[in-house]
Amino acid sequence: MARSRAIYEYTEAEDKSMRLGFLLIAAGLLSLLGLGCCWLRPALQERGSGGSANCTVLAVRQLGERFPCTFSCGAACRGTARYPCLQVLVRTSRSPAPALLHEDERQLRTNPKCSYIPPCARDDQENAENVTYKQKYWKEKVGSQPFTCYFNQHLRPDDVMLKRTHDETVLLHCFLWPLVTFLVGVLIVVLTICAKSLAVRAEAIKKKKHL
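On a predicted model such as this, the values are computed, not experimentally measured, just so you know. (Residues numbered from 1 in each chain as written. Predicted model: local features only at pLDDT ≥ 70, side-chain atom pairs only at ≥ 80, totals over all residues. Heavy atoms only, no water.)

Caption draft 1: Main features of helix H3 (residues 124-142). A rise of 1.5 Å per residue sets the reference length of H3, with its 19 residues, at 27 Å; its end C-alpha atoms lie 26 Å apart and thus fit the reference within 8%. Where H3 is concerned, the buried positions are Asn127, Ala128, Val131, Lys134, Gln135, Trp138 and Val142. Of the residues that open H3, the one with a side-chain oxygen 3.2 Å from the backbone nitrogen of glutamine 125 is aspartate 123. Once H3 ends, the next one or two residues include glycine 143, with phi positive near 55 degrees. (Helix = DSSP H or I, 4+ residues; strand = E, 2+ residues; numbered from the N terminus. Expected span 1.5 Å × (residues − 1). Buried < 20%, exposed > 50% of the residue type's maximum accessible area, 1.4 Å probe, protein only. Polar contact = N/O pair within 3.5 Å; in protein donor to acceptor, adjacent residues only side chain to side chain.)

If you want it as structure tokens, here you go:
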């Protein structure tokens, strides 16, 4: 009875390991499919509809117009503040015409008229100071130094972006974590099968010795 009970407990633990392994394998495959649809496809579309170029700053200016932004002051507290519009005009290697620079695709969609949206603060003066700091950065630190920028022909072909929304890091994470989950699941299943095989052989050798 004691021996059969031990074997039963071992088999139950083995089954749990196998179920965990198959669960991780399924989770890895489903994550890969989900992230592929949500992230990989837009990233490939973005890369297919655009490209990179060398940009040089032509002018940095603040417009008189101010735009609203929403700040959070607690779990159920939100308010509206305003920030000045900063425009960074650049010359690109693909066209002699001036182009408006944006932080990324999200910023371009949120406010296509400006180059920068500061973190929204309750105080309009603080928002203005953040924009002024960014203006000095482009004027004094970047100046006439060339840098890489990106364009999207489908979104706004005459504007450029400082960085892609879906960069190499996003593509890496789309594959890395589902792949790690899948491989861990496979490893658990393989180790469980190997452990079971060794246990069966050891039991067989023990029975032969008793005989």
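Additional details are given in the paragraphs that follow.
Caption draft 2: Here's a closer look at the confidence of the model for the protein. Within the protein, residue pLDDT values average 82, and 83% of them lie at 70 or more. Of all secondary-structure elements in the protein, the lowest mean pLDDT belongs to helix H1 (residues 2-48), at 70, while H3 reaches the highest, 93. Scored below 50 in pLDDT, residues 1-8 makes one contact in the model with residues more than four places away or belonging to other chains. (pLDDT = per-residue confidence, 0-100. Contact = heavy atoms within 4.5 Å.)

Caption draft 3: Molecular detail of the state of the cysteines. Tallied over the full model, the rule gives three disulfides. Put simply, cysteine 55 and cysteine 149 are joined by a disulfide, and their sulfur atoms are 1.8 Å apart. Because the torsion about its S-S bond is 60 degrees, the bridge between cysteine 55 and cysteine 149 counts as right-handed. Of this pair, cysteine 55 sits in strand S1 (residues 50-74) while cysteine 149 is found in strand S4 (residues 147-152), placing the two residues 94 residues apart along the sequence. Residue cysteine 55 is classed as buried on the basis of its relative accessible area, which comes to 0%. Each sulfur of the disulfide joining cysteine 69 and cysteine 120 lies 2.1 Å from the other. (Disulfide = S-S within 2.5 Å.)

Caption draft 4: Representation of the pairing of strand S3 (residues 95-102) within the structure. Sheet topology note: the strand S2 (residues 77-92)/S3 ladder contains four bridges and is antiparallel. Note on S3: the bridge partner recorded for leucine 89 is leucine 100. With antiparallel pairing between neighbouring strands as the criterion, S2 and S3 make up a hairpin whose turn holds two residues. One ladder, built from two bridges, connects S3 with strand S5 (residues 160-161); its direction is parallel. Bridging from a neighbouring strand, histidine 102 pairs with methionine 161 of S5. (Pairing = 2+ DSSP bridges.)

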